[in-house]
Amino acid sequence: MDLLRSHLHKVRIPEPTNRIHKDECCVSFDTPRSDGGLYVDMSSFLGFGREHVEWNFEKTGNPVYLHIVQRRKPEPDEADRPLKKPTLLAIGVEGGFDDREPEYDVAYEIIILPDFISLPFPSVDLPEKVRLAVDKVILAESADRKQQLAAWVADKKNISAYAMDLQQLDNGVTVPPTGWKCSKCDKTENLWLNLTDGVILCGRKLWDGSGGNNHAIEHYEQTKYPLAVKLGTITADLEAADVFSYPEDDSVEDPLLAQHLSHFGIDFSSLQKTEMTTAERELDANTNYDWNRIQESGKDAELLFGPGYTGLANLGNSCYMASIMQVMFSTHPFILRYFEKQSLKAAFATAPADPTLDLNMQMTKLGHGLLSGKYSAPTKEEEIRPHMFKSVIAANHSEFSSMRQQDALDFFLHLIDRVEQANLGNHELNPCSGFKFIIEERVQCPSGKVSYNKRSDYILSLSIPLHEATNKEQLEAFNEKKAAMDLDGKELSNEEIVRPRVPLEACLASFSGPEEIPDFYSTALNSKTTATKTAGFNTFPDYLVLHMRKFVMEAGWVPKKLDVYIDVPDTIDISHMRSKGVQPGEELLPEGASGDNKTEPGPVASEDIVSQLASMGFNYLHCQKAAINTSNTGVEEAMNWLLSHMDDPDINDPISKDSRASEQSVDEASVQTLISFGFPEDVAIKALKASGGNIEKATDWIFSNPEASSSASADSSTSNVNADDAIPDGSGRYKLMAFVSHMGTSTHCGHYVAHVLKDGRWAIFNDSKVAASVDLPKDMGYLYFFQRISD
């Protein structure tokens, strides 16, 4: 006790703003449930495992720690824990798939280093300052918990701004308990009751033709009555009812729903659930064929343990991150950088005062957690919960720091960007250089002259030519059968569905094949013309990442996921795709116009490309920049550039001070009109610019782009080649080493799973579950990772 009193000046009483790490070690994945428990530094409030707490004492000299040990309580009978049907396409979150934690007994003691002298807690003999400090640590929300709560706030249903003062017309409408039908068509399902006038109308038409006929939203556009509730979801449990706010464009809570329903004579206590909510419909659409096959559900798979076979606990829609990190830490550059050549102690020694905020420390921690085998054994209760890594890698990124599902491709590019920034100027330490390659594009105009453009990238994004399907006869027979069954009102089972099979070679050929470029401005002809573009690899990377463009835009800006199989071989040879550069006898296009004609003023974007992109809902200025930065080579190239650069800090800057391509103005009255509908000002401006100032089209654009107000894509790869970059090159022969699959109708919902070739066999990494693959779904990948076959 005297020793403790001599160290009182090293003990701090935590303030509300202090971040208290009492759930997990900041340099390992040890927790209070680990064999040695967790030691919380009573000066910095950082947590350390038994193997690492002495490192902190050596570095800081802080001697007083709160030791927390948790021991698992016996499991109650399963009969006492009834399972609930999930209502959200998420894992380990309320309403999602069950991932309940067992209960634990907790014990505390005070430890004084370096001799690990133990003092009991609680104890009246302890100095008051120590008792007060420890009590505040125990009662405080941990840093990890605070972050989780903050991230979830934006995703929970908000109370509608229109609910408390909702206008309800005294029009004598009484809604019967059954027998509902849309008042404008014959639809009897997916019906919505407008809570202002009691009109029953059908919901939105979905991309596959199902749903409704858009009558409910058309009614809102005419009347501006804001709230509707989905009939068939109203029961005695009013919280489960599906209420939608049109001006807020989201599912919302209506605290006065009982009152609003009774206005139309609805006794909610007697109603039975007959319809799925929007969330349940999304879940049902995804937990079938894709979900089961990609996860290899129902297979008697051998669980795998040991180094390199450690799962990652789902933090709530974090599978996009888990799948990418499992693949990255199966590549040699990441294994060398953050495991074999970087010890935990060395990373901690060079980390700043708070190692939880240091990317190098948290990457090293994750690498050792996944590859050491320490947290992967059949008898171990621990699992890796990468809260600190997620916090660091997602810092200042509004989407990745949320609990929403994200696009695995976006996260891969974001990870590359963050790791490269952390290793600037040191090519040997940068593990991302092996993924980088240079694409060379050749454009030839009718004059016969050519231009060459080089850009660097980390992914090769491939369109899927459905017309190249190898099973056309089966598809024709299937479509005839489906049409006949649709007439009879019957549905096909998943086993009967025939999907197109497209060879990977056809996707690669669609990238490198010749393509016409309309409205190409030729400096040789001093006019716009039609040119031909081809593309090839100037360098071949050590690791080639192929992105399959399964998500496309249909007419009306409706996103659709292609239901297609990609036949991917185990090895590929793309040596024939190497670009040849300027050839003997070729004449390059002049940089400026010849003769007395004036050069076109500033960069000129192809209006055809810009208008096509803008019609899909993209910002007009962004479309112009995309066309200019891809030399007007085509809509596809411009869209790829746009999707990769939407988070650029200068994306909204004018193209040039005098350029005609600077941001076009919008009518202020139109902006105010959209604001009056309940849309944010920045979203209203984006929508008007994307819709040529037309209010009706702008409203459609907003409803078709619910993420319009958030940053939509990842930090991108650059389109310029830096001469100082260390870019590898070598053989064009590759072997498939991993792929990431996605199930769901959008990259921002559903689930991601990784399959990785390790030790001569395929393993499936499905969040915390790691098992030997039994039925490899190689044809259902979204991202494919190939490793160069060494010469």
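Since we're looking at a predicted model, the values are computed, not measured. (Residues numbered from 1 in each chain as written. Predicted model: local features only at pLDDT ≥ 70, side-chain atom pairs only at ≥ 80, totals over all residues. Heavy atoms only, no water.)

With respect to the UniProt feature "active site" (unreviewed entry) in the chain
Under the UniProt annotation, the feature "active site" (unreviewed entry) is placed at Cys319 and His751. Taken along the chain, the residues just named run across 433 residues; in space they keep tight, none of their C-alpha pairs more than 6.4 Å apart. As for its position among the elements, Cys319 is in helix α9 (residues 319-328). A relative accessible area of 1% places Cys319 in the buried class. Aside from chain neighbours lying at most four places away, what touches Cys319 is Asn314, Gln405, Gly750, His751, Tyr752 and Asp767. Relative to the helices and strands, His751 resides in strand β23 (residues 751-758). (UniProt positions renumbered as here; feature names shortened; annotations may be inferred. Helix = DSSP H or I, 4+ residues; strand = E, 2+ residues; numbered from the N terminus. Buried < 20%, exposed > 50% of the residue type's maximum accessible area, 1.4 Å probe, protein only. Contact = heavy atoms within 4.5 Å.)

Brief notes about the nonpolar core
If you look at the biggest cluster of nonpolar residues, it comprises 56 residues, and the most contacted ones within it are Ile324, Met325, Met363, Phe412 and Phe785. Every residue in contact with Ile324, bar those within four places of it in the chain, is listed here: Ala408, Phe411, Phe412, Leu415, Val740, Leu783 and Phe785. (Core = buried A, V, L, I, M, F, W, Y, C linked by side-chain atoms within 4.5 Å.)

Considering the packing of α9 against helix α14 (residues 408-422)
Across the interface, α9 lies against α14 with an axial gap of 9 Å and an inter-helix angle of 55 degrees. Considering the angle they form, α9 stands oblique to α14. Of the two elements, α9 crosses α14, and the hand of that crossing is right-handed. Here Tyr320, Met321, Ile324, Met325 and Met328 of α9 lie close against α14, whose contacting residues are Ala408, Phe411, Phe412, Leu415 and Ile416. (Axes fitted to C-alpha atoms, helices over the stretch in contact; angles between N-to-C directions. Parallel < 35°, antiparallel > 145°, perpendicular 65-115°, else oblique. Left-handed = near helix turned anticlockwise from the far one by under 90°.)

Notes on the pattern of salt bridges
Oppositely charged side chains may form a pair once their charged atoms are brought near each other. Inspection of every chain in the model, using the stated rule, returns 22 salt bridges. Note that Asp567 is salt-bridged to Arg501, the shortest N-O span being 2.7 Å. In this pair, Asp567 sits in strand β20 (residues 565-567) while Arg501 sits in strand β14 (residues 501-503), placing the two residues 66 residues apart along the sequence. In this structure, Lys533 and Glu515 form a salt bridge, with 3.8 Å as the shortest nitrogen-oxygen distance. Of the two residues, Lys533 is situated in strand β16 (residues 527-537) and Glu515 in strand β15 (residues 515-522); the sequence distance between them amounts to 18 residues. The exposure class of Lys533 is buried, given its relative accessible area of 2%. By sharing partners, the salt bridges in this structure join Asp30, Glu51 and Lys374 into a single network. (Salt bridge = Lys/Arg side-chain N within 4 Å of Asp/Glu carboxyl O.)

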